[in-house]
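In case you want the letters, here they are:
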Amino acid sequence: MGLTKQYLAYKPVSSFNIIASARANISFVTISNATGRYVVVAAAEKVLVWDLRIGEKVAELCRDKQEVTFLRTSPDQKHLAVGYSDGLVELFSVETKQSVCSFASHRSAVSALNFDLLGLKLVSGGLDNDLVVSDVVEQSGRCRLTGHTAPITQCCFMQRFQDVVVSSSKDTQIKFWNIETQCCFKTIVDHRTEVWGIVLMRNDDFLVCGTADTQLSVYKITPITDATVPVVVASEQPESESTVSPFRCTAAGSIQRAGHGRTINLVADANGQVLGCHGTDRQIELFLFCSPEESMKKLTKRMKKLDTNKQSGEESANRQLALTDEIKRLTSIPTPEKVKSFDLLLGSRNELRICCTFVKNFVQLFSLDLNVKKDAEPETLYALQKQGHPSEARTVAFSSDSLAIASGSAESLKLWSRASQTVLRTVDTGGYVVSTCFVPGDRHVLVGLKTGQLLVVDVVPGEVIECIEAHEKELWSIVLTPDKHGCVSGGGDTTVKFWSFELIAASGGQDAAKVLSLLHKNTLKLEETVLSVRISQNGKYIAVALLDTTVKIFFMDSLKFYLSLYGHKLPVVTMDISYDSTLIITGSADRTIKIWGMDFGDCHRSLLAHDNTVTAVRFIPNTHMFFSCAKDGKLKQWDADSFQKIITLPGHLGEAHALAISPNGKYVVSCGSDRTLRLFHRTEEPLVLQDVQEEEREELENATLATGEESTVPGLPGLKLPSKKTIGSEKGAENILECLEVSKQYEEEGGKGPLPPLMFAYSATNTDDFLLTVLSRIRASDLEESLLLLPFNAVCELLERVPKLTTERKDQTELICKVVLFLFRVHQKPIVNNQVLLPVIQKIVQTLQAAVGELRDMVGTNFHAAQMLQRELEENDGCVLFRDATKQRIQRDRRRKRREASKRKLLQIVK
């Protein structure tokens, strides 16, 4: 069947204008051993790495169309954990910028992430009230901790106490969890409002909590040893501390913040020395936790002052360390706007660097010298501000040569290079931009404001050369006349005004260069607010969309009434006329797009195009195809002749406000509420509508799981896996069942003849290799969910194949052990009650124990043999082998010893 009409695919090029999303946090990242220079931020669905020194984007990490909600770098700065709004956690390599693994942990957005001290475990908290601990090395979940009754606000590992996680939630509670037993052994219920953040300071000596009031609660953590166990007298009440807790957590006091409103963020540097917090005001407050030696010095100094009183009672009462001895308030950092998130970094020269993101889409880096004892002034080092609009872009336009893009927001107009997506000019408009249009020659841009003013902007100097009071209310639409000698504007004051371009002498006199100006020629007065204006290419008609849901068409020369297009239930927000002046399309707040004929004003077709208000429609030049965007964030291409949808492009995460198509038809740009400008280009790849529709149908089917959201097993009602069911786990279960069925048929035929096509596709020569290949290709985080979906008869068949697999494929012992142990744990009761499986289980135990013992022996032999070879070679050659690994091990040992002595190694900051 031949193609009746060929469509070419539009593909996304990039998204720009966004510097940092307000939803996620900011974090310092080390690249090429340079610390304090690079920061990583979220930008809608992408993760950007910015070089603050040169103000450029150096890397971009991207997954699917999901918004980034949280970021965390690993302690060794080699990995970056990214949490998304769909509950998935992706682990990226900082060096290669590629995804290492992913954990399907939560059922809703990820709200907190933290690594342990060595970066081997990762704990994540979500809006589904759960905590999930994942193993980074094994690339799979370890356990799910449930107990909070509201979304998690923060979670972290304790350094001094192994396998202990601390979490805070909006349910006002702080919980301490043991990963091994997967239970909560201590809960702090002192707070009456939501706990918005917690942080462990000075090697887990202190726990600081931020709540809805202006105070920070401080708790002292002391290990429970035999020496500290109190003797309980029979008449006294026993201690309330739990017997399973390895430490005692007592309230030490509170820190009064200088700011107003609730605590939004609590952040500590990597060594737990400096604490930063901010509320709803414009400042970041900093506190320094002194070392034990410094605290004792301050206590001694305080006691000397008290000695003058010679009161022994007062002396003994004040000999204990107070919070004022251990915590020192540092200079606050005043910020230009309300802070959204920030991160701290303390350098070896006691230079503190603070990077902040703000609601108005910019990043700033501050520096504070802690060596200065008093009145240290913070210094602004770098700022990323010019690379994007402070607020959402509301309108976009292409230049006539398709090389420049103009975008307008609430306070400025920016001109972008289409090729590099970088800012060329920024013009302060002094008002809310609602419409833009390039003047022929591309030297000037017309800008319509919400106040009704019409600005003429000169592109070369980037200045407003004239401000015209065009309308009394919003100037919703500007369009050029077909002869390019003037323009037409429509506003909220119910008028359409006609303007002509004039070159007038500047204020310097007759010899000065002439500048562009607009001369008012005519006015068309209407009865309703004008929302959009369009002129046909043949110059005959002008169409005006009104607030009364109709579109009125007038003759351009005489301004006499010609046609009225009515049929929309809500006002027409946008419209466009085709290149041959035969079709007009209208987009309305009633979610429909109507295609009309210009000759009789008849409606050819009404399309239910979007799920929300249609905000923009534009014809592709010299075609009857058009693009539309709406408040549902989607960008769609349509054919106005066949009334078919061609393709849906990946749109915005929120609302889409406007779109523009280049005059050559090769590029499309759109703007939306996620603060991104998205650029698409036309490729040479042909589209077949049936294939596109089939892909969209499959995508819809994949959006809903065939087996339901819940993971249930008969007999195990309280099963809490550290993962959630995904499409990948369902496909994995299907592949295992298919593999078992194909293998069974092949073995029944005697294992002779040609290989089944599926085995051949997996490059397997026998059934054992086939099964292991299928199991190894399932993502590690999806393996347990896939095995959980298998019926019991398939589980029995899989277990019967294990002894042979174990003896023949000893290189896959780890994978086989993982599968067998999980199946035993989940299906323990049916397996025990099945007498047929008894000899199989005995055989599995024997073969697996032998295989694991052999593997352990091999690893141990290789390890000690390598050590012996290293010693011999070093003695013979007098050089140190594995220098890098040895250095890292020595440094790691030094760090551990210093940590035990509460002395920290600080990071070197590169200027």
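Residues numbered from 1 in each chain as written. Predicted model: local features only at pLDDT ≥ 70, side-chain atom pairs only at ≥ 80, totals over all residues. Heavy atoms only, no water.

Chemist: Sorry, what's going on with the overall build of the protein here?
Modeler: Secondary structure summary: the protein contains 13 helices and 57 strands in total. Dimensions of the protein, computed from the C-alpha atoms along their principal axes, are close to 100 × 100 × 70 Å. A total of 911 residues make up the protein; the buried ones form 52% of that total. At a minimum sequence separation of 6, the contacts of the protein that also span at least 24 residues come to 50%. Summing over all exposed atoms, the protein offers an accessible surface of approximately 43,200 Å²; the carbon and sulfur share of this is 50%. Computed over 107 positive and 111 negative side-chain charges, the separation of the two mean positions in the protein equals 5 Å. (Helix = DSSP H or I, 4+ residues; strand = E, 2+ residues; numbered from the N terminus. Buried < 20%, exposed > 50% of the residue type's maximum accessible area, 1.4 Å probe, protein only. Contact = heavy atoms within 4.5 Å. Areas by Shrake-Rupley, 256 points an atom, 1.4 Å probe, with all protein chains shown as cover. Lys, Arg positive; Asp, Glu negative; His and termini not counted. Charge placed at Lys NZ, Arg CZ, Asp CG, Glu CD.)

Chemist: It is not clear to me how the domain arrangement of the protein should be interpreted in this structure. Could you clarify?
Modeler: You'll often see interface size given as the accessible area lost when the parts meet. The domain architecture assigned to the protein consists of domain 1 (63–189), domain 2 (191–224 + 246–298 + 322–334) and domain 3 (727–837). Centre-to-centre, using C-alpha coordinates, domain 2 lies 53 Å away from domain 3. (Domains from an automatic or database assignment.)

Chemist: Looking at this structure, I do not really get a negative patch on the surface. What am I missing?
Modeler: Taken together, the side chains of Asp691, Glu695, Glu698, Glu699 and Glu701 make up a negatively charged region of the molecular surface. By the element assignment, Glu695 lies in helix α4 (residues 689–703). Taking relative accessible area as the criterion, Glu695 reaches 54% and is therefore assigned exposed. (Patch = residues over 30% accessible without salt bridge, like charges linked within 9 Å, V, L, I, M, F, W, Y side chains within 5 Å. Salt bridge = Lys/Arg side-chain N within 4 Å of Asp/Glu carboxyl O.)

Chemist: What is the right way to read the sheet that holds strand β11 (residues 121–126) from this model?
Modeler: One key point about sheets: their strands pair by backbone hydrogen bonds, in either a parallel or an antiparallel sense. In spatial order, the strands read β10-β11-β12-β13; together these four strands make up an open sheet with antiparallel pairing. At either margin of the open sheet sits one strand with a lone partner, and together these are β10 (110–115) and β13 (140–146). The average undirected angle you get between the axes of adjacent strands in this sheet is 20 degrees. In this structure, strand β12 (residues 130–135) lies alongside β13, joined through six bridges in antiparallel fashion. The residue bridging Val132 from the neighbouring strand is Arg144, located in β13. (Pairing = 2+ DSSP bridges. Axes fitted to C-alpha atoms, helices over the stretch in contact; angles between N-to-C directions.)

Chemist: For this particular structure, what's the right way to read the packing of helix α9 (residues 792–808) against helix α10 (residues 813–826)?
Modeler: In a packed pair of helices, the relevant descriptors are the angle between the two axes and the axis-to-axis distance. Closest axis-to-axis distance for the α9/α10 pair is 11 Å, and the angle between their directions is 145 degrees. Remark: the crossing between α9 and α10 carries left-handed chirality. The segment α9 lies against α10, with Val795, Leu798, Leu799, Val802, Leu805 and Thr806 engaging Ile816, Val819, Val820, Leu823 and Phe824. (Left-handed = near helix turned anticlockwise from the far one by under 90°.)

Chemist: Even after reading the chapter, I still don't get a nonpolar patch on the surface, so can you show me in this structure?
Modeler: On the surface, Leu117, Leu118, Leu120 and Val137 cluster together into a nonpolar patch covering about 370 Å² of accessible area. As for its position among the elements, Leu117 is in the loop between β10 and β11. Among the residues examined, Leu117 registers a relative accessible area of 34% and is labelled partly exposed.

Chemist: Mind showing me how you'd approach the confidence of the model for the protein here?
Modeler: For residues with low pLDDT, the predicted coordinates do not support detailed interpretation. For the protein, per-residue confidence averages 87 on the pLDDT scale, and residues scoring 70 or more make up 92% of the total. Low pLDDT, under 50, characterises residues 229–241; the predicted model gives this stretch 10 contacts beyond four residues in sequence or across chains. Across residues 312–317, confidence stays below pLDDT 50; counting only partners more than four residues off in sequence or on other chains, it has four contacts. (pLDDT = per-residue confidence, 0-100.)

Chemist: Got a minute to help me understand the packing of aromatic side chains in this structure?
Modeler: Ring pairs (aromatic) are described by centroid distance and by the angle formed between their planes. Enumeration over the complete set of coordinates arrives at 14 aromatic pairs. With a centroid separation of 6.4 Å and an interplanar angle of 40 degrees, the aromatic rings of Phe176 and Phe185 are classed as tilted. Three or more aromatic residues joined by ring pairs form one cluster here, namely Phe161, Phe176, Phe185 and Phe247. It is Arg63 that lies over the ring of Tyr84; its NZ or CZ is 4.6 Å from the centre. (Phe/Tyr/Trp six-rings, centres within 6.5 Å; stacked < 30°, edge-to-face > 60°. Lys NZ or Arg CZ within 6 Å of the ring centre and 35° of its normal.)

Chemist: How do you make sense of the packing of α10 against helix α12 (residues 838–877) when you look at a structure like this?
Modeler: Axis separation between α10 and α12 bottoms out at 11 Å; the angle between their running directions is 140 degrees. Considering the relative orientation of α10 and α12, their crossing is left-handed. Contacts between α10 and α12 pair Thr813, Ile816, Cys817, Val820 and Phe824 from the former with Ile841, Ile844, Leu848, Ala851, Val852 and Leu855 from the latter. A class-by-class count of the residues in the contact of α10 with α12 yields 10 nonpolar, one polar and no charged. (Nonpolar A, V, L, I, M, F, W, Y, C, P; charged D, E, K, R; others polar.)

Chemist: Please clarify how the nonpolar core should be interpreted in this entry.
Modeler: Side chains of nonpolar character tend, in soluble globular proteins, to be buried together. Ranked by internal contacts, the top residues of the largest apolar core, which has 40 residues, are Ile736, Phe770, Leu787, Leu790, Leu798 and Val819. The element best represented in this core is α10, accounting for eight residues. Discounting chain neighbours no more than four positions away, the residues touching Ile736 are Val774, Leu775, Ile778, Leu787 and Leu790. (Core = buried A, V, L, I, M, F, W, Y, C linked by side-chain atoms within 4.5 Å.)

Chemist: Is there a simple way to think about the side chain of Ser217 in this case?
Modeler: Among the secondary structure elements, Ser217 is positioned in strand β20 (residues 215–223). By relative accessible area, which is 17% here, Ser217 ends up buried. For Ser217, the contacting residues outside a window of four places in its chain are His191, Leu207, Val208, Cys209, Gly253 and Ser254.

Chemist: In this structure, what is going on with the UniProt feature "repeat: WD" (unreviewed entry) in the protein? I would like to understand it.
Modeler: Mapped onto the present numbering, the UniProt feature "repeat: WD" (unreviewed entry) falls at residues 145–187, 468–502, 565–606, 607–648 and 649–680. For residues 565–606, the end-to-end C-alpha separation is 13 Å, with 0% helix and 55% strand making up the annotated structure. (UniProt positions renumbered as here; feature names shortened; annotations may be inferred.)

Chemist: Would you mind going over helix α7 (residues 767–777) with me for this structure?
Modeler: Working note: α-helix, 3.6 residues per turn, so residues spaced by three or four point in the same direction. Judged by how many residues are buried, α7 sits mostly within the fold: nine of 11 residues are covered. Those residues of α7 that are buried are in contact with α5 (727–748), α6 (757–761), α8 (783–788), α9 and α10. The distance from a side-chain oxygen at the start of α7 to the backbone nitrogen of Asp768 is 3.2 Å, and the residue carrying that oxygen is Asn766. (Polar contact = N/O pair within 3.5 Å; in protein donor to acceptor, adjacent residues only side chain to side chain.)

Chemist: Please clarify how the pairing of strand β39 (residues 475–480) should be interpreted in this entry.
Modeler: Two faces, one strand: in a regular strand the side chains alternate between the faces of the sheet. Of all six residues making up β39, five are buried, and the element is well covered by its neighbours. Here five bridges tie β39 to strand β40 (residues 486–491), and the two strands are oriented antiparallel to one another. Bridge pairing in β40 places Ser477 opposite Gly490. The hairpin formed by β39 and β40 contains five residues between the paired strands, and Lys484 there has a positive phi angle of roughly 65 degrees.

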